[in-house]
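Chain residues, written in single-letter form:
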Amino acid sequence: MAGCEPPSDRSGVVAVIRRDERLLVIRRAQCVAAPGMLCFPGGGVEAGESEPQTLVRELREELNVRVLPVRRLWKSRTPWNVTLYWWLADLPMHERPAANPAEVAAIHWYTPREMAALGDLLRSNHAFLAALAGAEFTLEPRE
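Conventions adopted
- Residues numbered from 1 in each chain as written.
- Predicted model: local features only at pLDDT ≥ 70, side-chain atom pairs only at ≥ 80, totals over all residues.
- Heavy atoms only, no water.
- Helix = DSSP H or I, 4+ residues; strand = E, 2+ residues; numbered from the N terminus.
- Rg over C-alpha atoms; globule rule 2.2 N^0.38 Å.
- Buried < 20%, exposed > 50% of the residue type's maximum accessible area, 1.4 Å probe, protein only.
- Lys, Arg positive; Asp, Glu negative; His and termini not counted.
- Charge placed at Lys NZ, Arg CZ, Asp CG, Glu CD.
- Contact = heavy atoms within 4.5 Å.
- Core = buried A, V, L, I, M, F, W, Y, C linked by side-chain atoms within 4.5 Å.
- Pairing = 2+ DSSP bridges.
- Arc of directions from axis to C-beta.

A.B. asks: How do you make sense of the overall build of the chain when you look at a structure like this?
C.D. replies: For the chain, the count of helices and strands is three helices and seven strands. Traced from its N-terminal end to its C-terminal end, the chain shows the element sequence β-β-β-β-α-β-β-β-α-α. Its C-alpha atoms give the chain a radius of gyration of 15 Å, near enough to 15 Å, the size a compact globule of 143 residues would have. A principal-axis box enclosing the C-alpha atoms of the chain has dimensions of 50 × 35 × 30 Å. Sorting the 143 residues of the chain into buried and exposed places 45% on the buried side. Between the averaged position of the 17 positive side-chain charges in the chain and that of its 18 negative side-chain charges there is a distance of 2 Å.

Now the structure itself:
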């Protein structure tokens, strides 16, 4: 049918990391998709990888940290037909994020309210924040 997007098997994971009331947000490097935009860290699931494995690998690549996947919070689909799995992840206190400049231009910590006011936040991240505000899930380790 004209105008329908073909099904996609592409998927990605998104890390939601909280310290106190702030969430870890990155500014994407200029040489990646959506250059300069703000978003939660994450990336594409590779063949044979589980969502938690992808989460650990992507955070190691982007921020040189080892995170501990806690639980899947939410699932969404982008306008370009990619399924995103949003994961709550624990960043141990001794881990200090360091941006890989090939992927990340800057690291920030924002409250959900501050994030929602950002004009250069990816649309999928705004949808996540709306779902959080609507109590579709919580950021507690166990629901």
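Still to come is the rest of the account.
A.B. asks: Mind showing me how you'd approach the environment of Glu 61 here?
C.D. replies: Here Glu 61 shows up in helix 1 (residues 51–63). Residue classification places Glu 61 among the partly exposed residues on the basis of a relative accessible area of 31%. Spatially, the C-alpha atoms of Glu 61 and Ala 98 are 10.0 Å apart, while their sequence positions differ by 37 residues. Those residues in contact with Glu 61, other than ones at most four positions away along the chain, are Asn 100 and Glu 103.

A.B. asks: Could you clarify how one ought to interpret the nonpolar core in this entry?
C.D. replies: Nonpolar side chains tend to gather and get buried jointly when the protein is soluble and globular. Membership of the largest hydrophobic core comes to 22 residues, with the highest contact counts inside it found for Met 115 and Phe 128. Listed by contribution, the elements that provide at least two residues to this core are strand 1 (11–19), strand 2 (22–28), strand 5 (68–77), strand 6 (83–90) and helix 3 (123–133). Counting residues per element, this core draws most heavily on helix 3, at four residues. In this structure, Phe 128 is in contact with Val 16, Phe 40, Leu 73, Trp 74, Trp 86, Phe 137 and Leu 139, ignoring residues within four places of it in sequence. Membership of the second largest hydrophobic core comes to 18 residues, among which are Ala 15, Leu 24, Tyr 85 and Trp 87.

A.B. asks: Any chance you could explain the pairing of strand 5 here in plain terms?
C.D. replies: Look at any regular strand and the pattern is simple: side chains alternate between the two faces of the sheet. Taken together, the eight bridges between strand 5 and strand 6 define a ladder with antiparallel strand orientation. Residue pairing in the sheet places Arg 77 in a bridge with Thr 83 of strand 6. Taking the residues that link successive antiparallel strands as the turn, the strand 5-strand 6 hairpin has five residues, and the phi of Asn 81 there is positive, at about 75°.

A.B. asks: It is not clear to me how helix 3 should be interpreted in this structure. Could you clarify?
C.D. replies: An α-helical turn contains 3.6 residues, so a residue and the one three or four places further along point in the same direction. What helix 3 keeps buried is the set Ser 124, Asn 125, Phe 128, Leu 129, Ala 131 and Leu 132. The arc that holds the buried residues of helix 3, viewed along the axis, is 160°, so those residues lie on one side. Away from the buried face of helix 3 by more than 90 degrees, exposed residues Arg 123 and Ala 133 are located. Directly after helix 3, the chain includes Ala 135, whose backbone phi takes a positive value near 60°.

In short, geometric facts, not functional conclusions.
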